[in-house]
Every structure is written in structure tokens, then in C-alpha cells.
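Examining the three-dimensional arrangement
One-letter residues, chain by chain:
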Amino acid sequence: MIKQTGQCLCGSIQYEVLSSPLFSTTCHCTHCQKSSGSAFSINIGVPAESFKVTGSSLTDYIDIGGSGKNLQRYFCNKCGSPLYTKPDRRPGIVIVKVGTLDNTNTFKPDINIWCESKMEWLKQDIKAPEFRQMPAIPY
């Protein structure tokens, strides 16, 4: 068993994961794209009994997943950080957003899901320049 901690951007919500993940995945569904504001969401699934959350600014939104069942998405109502999801399709599982972990280097995705809605540029082998930090951009 490993213990992981995480929090939202402003630190108002903190959580602990007291077990190893059951799975780790990159989700390319359009709902994850919209809720993350990115091309995909990287997640780990953990047993609900091993997940503990604290804080006073937690808010939820009921979404409908591809299964037709509810996905209860939790986020901070102060900074807007998406934190975790509870899927009705998989009771007893909490899906945690890896980017909110305090140590994001611990997990890498095992699989990619919802690739039918994967952004086209991700399907190509494009090499883009890399910078250690934000470069000086003249605009």
C-alpha cells in the first residue's frame, strides 16, 4: 500500500489516497476534454474506502457518462480545479485526477480510452520544440 496526497490549486481541498491505484488511464472523451480544459484527462481509479477528502469548498456536478449512468464530478468552487469523479457505473471506485496529486511522477497511464474522440494532433507523430519553462514569446 502507498499513501498519496493531493489538493486543488488554491489548497482549499486536500485529499489522501491510502491504497495503490486499481488502474491508471488517459481519457480522451469530450467530457474530460471540457472538464479539464485540455486534450485529455489522466486519472487513477482507487477504492472509495481508501480515499479521504477534507476542505470546505468542494462542489459537485452531475454529468452523464458514456454508459448513460451518472458521473458525479467534484471540483473546488474557489479555484475551479477538477479533483475526482464518482461513477455510478463503478460504485466503490473514485477516479482521481492525477494532475492534482502532490507527487505526479508516481503514476503513468496504463491505457488510453475514448480514443474515437482523441484530438487529431495527438494521433500524429509530431515533434514540437520543448522548453524547460515558459520561453520569451514576442506577442
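In case you missed it, the structure is sitting above this.
Okay, so let's go over this structure. (Residues numbered from 1 in each chain as written. Predicted model: local features only at pLDDT ≥ 70, side-chain atom pairs only at ≥ 80, totals over all residues. Heavy atoms only, no water.)

**A look at the sheet that holds strand β1 (residues 4-7)**
Paired through backbone hydrogen bonds, the strands of a sheet run either parallel or antiparallel to each other. This is how it is decided: Note on pairing: DSSP must find at least two bridges between two strands before they are called paired. Where helices and strands are cited, they refer to DSSP runs of H or I of at least four residues and of E of at least two residues respectively, numbered from the N terminus. Orientation is described by lines fitted to C-alpha atoms, with helices fitted over the stretch in contact, and by angles between N-to-C directions that extend from 0 to 180 degrees.
Pairing within the open sheet is antiparallel, and its 3 strands lie in the order β1-β2-β5. Only two strands of the sheet have a single partner each, and these edge strands are β1 and β5 (51-55). For this sheet, the mean angle separating the axes of adjacent strands, direction not counted, is 15°. Both β1 and strand β2 (residues 13-17) contribute to a ladder of 4 bridges, which runs antiparallel. The residue bridging G6 from the neighbouring strand is Y15, located in β2.

**A closer look at the sheet that holds strand β3 (residues 23-27)**
Pairing in this open sheet of 7 strands is mixed, and the strands run β6-β7-β8-β9-β4-β3-β10 from one edge to the other. Edge positions in the sheet fall to β6 (58-64) and β10 (111-113), since each has one partner strand and no second. Each adjacent strand pair in this sheet contributes to an overall mean axis angle of 30°, direction not counted.

**Some words on the side chain of N43**
The criterion, for reference: The rule is simple: take the accessible area with a 1.4 Å probe, protein chains only, and divide by the maximum for that residue type; under 20% is buried, over 50% is exposed, in between is partly exposed. N or O atoms within 3.5 Å of each other form a polar contact, as long as, within protein, one can give a hydrogen and the other can take it, and as long as residues adjacent in sequence are counted only when both atoms are side-chain atoms. Two residues form a contact once any of their heavy atoms are found within 4.5 Å.
Checked against the element boundaries, N43 lands in strand β4 (residues 41-47). Looking at N43, the relative accessible area reads 4%, which means it is buried. Among the polar contacts made by the side chain of N43, one reaches the side chain of S41 at a distance of 3.0 Å. Ignoring sequence-local partners within four residues, the contact set of N43 consists of F23, S24, T25, C27, I95, V96, K97 and V98.

**Notes on the packing of aromatic side chains**
The description of an aromatic ring pair uses the distance of the two centres, along with the angle that the planes make with each other. Quick reminder of the rule: Stacked, tilted and edge-to-face pairs are distinguished by plane angle, under 30 degrees for stacked and over 60 for edge-to-face with tilted covering the rest, among Phe, Tyr and Trp rings (Trp via its six-membered ring) whose centres lie within 6.5 Å.
For the structure shown, the criterion picks out 3 aromatic pairs. For the pair Y74 and Y84, a centre-to-centre distance of 4.5 Å together with 15° between the ring planes defines the contact as stacked. Here Y74 is found in strand β7 (residues 70-76), whereas its partner Y84 is found in strand β8 (residues 82-87), with 10 residues between them in sequence. With relative accessibility at 12%, the residue Y74 sits in the buried group. Every member of this aromatic cluster is reached through a ring pair, and the members are Y15, F51, Y74 and Y84.

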